Amino acid sequence: NFIHFLVIGYSLVIILVAISSGIFFNYESKIANAFENHQENTAYQSNLDALFNAATQRSILMVRMINAKDPFEIDALHMDMFRYEQIVIQNLSTLRENAFAPSQIDIIEDAGEIMTRNRRFQETVYSLLMDDQKDAALKQLVDVTLPLQKQVISTLNRLEADYQAASQRSEANFAAIL
């Protein structure tokens, strides 16, 4: 009789340990997933920040090109624009690959389309400057390129708002787990 109680007691202990282990591993998995989401959010924000910065720097370089006196300085600024263009391309690509929702992909595609269109107009500004047509270049910059850049920033702001909503949801999930 005592042996039956002992076997039942050990069986209950083993069952409780198994249940506890299952709960622990489930909880650990949820924490790991929430932490991974948090890391992805941090990386996504970093890509967004780099994209905002590169887009802004390109506009600043355009204004500096208009004010430059030396064609070699204009050309050097134009080369800097290519560097920022590569940053834009890299970050748009990374954002597209890591988008949380189809709505974000649509916004990223919109931003890329506007940036591609604007790049052609920015190249026109450069060409006009190299042809010593500063007034026409300034008109192109003010009337076409900068308004398109404003659309780019507006589109990126939409993307950031969409991202922030997703980020807040994942932070709330993480907080609920802890």
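What counts and how
- Residues numbered from 1 in each chain as written.
- Predicted model: local features only at pLDDT ≥ 70, side-chain atom pairs only at ≥ 80, totals over all residues.
- Heavy atoms only, no water.
- Salt bridge = Lys/Arg side-chain N within 4 Å of Asp/Glu carboxyl O.
- Helix = DSSP H or I, 4+ residues; strand = E, 2+ residues; numbered from the N terminus.
- Buried < 20%, exposed > 50% of the residue type's maximum accessible area, 1.4 Å probe, protein only.
- Axes fitted to C-alpha atoms, helices over the stretch in contact; angles between N-to-C directions.
- Parallel < 35°, antiparallel > 145°, perpendicular 65-115°, else oblique.
- Contact = heavy atoms within 4.5 Å.
- Nonpolar A, V, L, I, M, F, W, Y, C, P; charged D, E, K, R; others polar.
- Expected span 1.5 Å × (residues − 1).
- Core = buried A, V, L, I, M, F, W, Y, C linked by side-chain atoms within 4.5 Å.
- 1 Å grid on protein atoms, 1.4 Å probe; cavity = no way out; pocket = protein on both sides within 12 Å on 5 of 7 lines; lining within 4 Å.
- Points joined across faces, edges and corners; volume = space filled by probe spheres on them.

(A) Local environment of the pattern of salt bridges. Scanning the entire structure with this criterion turns up five salt bridges. Between E109 and R96 there is a salt bridge, and its shortest N-O distance comes to 2.7 Å. One end of the pair, E109, is in helix α3 (residues 102-130); the other, R96, is in helix α2 (residues 71-97), and 13 residues separate them in sequence. With relative accessibility at 34%, the residue R96 sits in the partly exposed group. The salt bridge partner of D110 is R158, with a shortest N-O separation of 3.4 Å.

(B) Quick look at the packing of α2 against α3. Relative to each other, α2 and α3 sit at 170 degrees, their axes nearing to 11 Å. Judged by the angle between their axes, α2 and α3 are roughly antiparallel. Here P71, I74, D75, H78, M81, F82, E85, V88, L92, L95 and R96 of α2 come into contact with α3, specifically with I105, I108, E109, A111, G112, M115, R119, Q122, E123, Y126, L129 and M130. The residue makeup of the contact of α2 with α3, split by class, is 14 nonpolar, three polar and six charged.

(C) Molecular detail of α3. For α3, built from 29 residues, the straight-helix expectation of 42 Å at 1.5 Å per residue is met to within 8% by its first-to-last C-alpha distance of 42 Å. Backbone geometry just after α3 places D132 at a positive phi near 60 degrees.

(D) Structural detail: the nonpolar core. Among the nonpolar cores identified, the biggest contains 34 residues, and M65 and M115 are the most heavily contacted of them. Elements supplying a minimum of two residues to this core: α1 (2-67), α2, α3 and α4 (134-177). The greatest single-element share of this core, amounting to ten residues, is contributed by α1. In this structure, M65 is in contact with I74, L77, H78, M81, Y126 and L129, ignoring residues within four places of it in sequence.

(E) Expanded view of the environment of S59. Looking at the element boundaries, S59 is found in helix α1. The spacing of S59 and Q122 is 63 residues in sequence and 9.0 Å in space, taken between C-alpha atoms.

(F) Structural context of the layout of surface pockets. Within this model, the largest pocket holds a volume of roughly 210 Å³. What lines the largest pocket is a set of 13 residues, and nearest its centre among them are E85, V88, M115, T116 and R119. At the level of secondary structure, the elements contributing two or more residues to the lining of the largest pocket comprise α1, α2 and α3. With six residues, α3 is the largest single contributor of residues to the lining of the largest pocket. Looking at side-chain class alone, the lining of the largest pocket contains five nonpolar, five polar and three charged residues.

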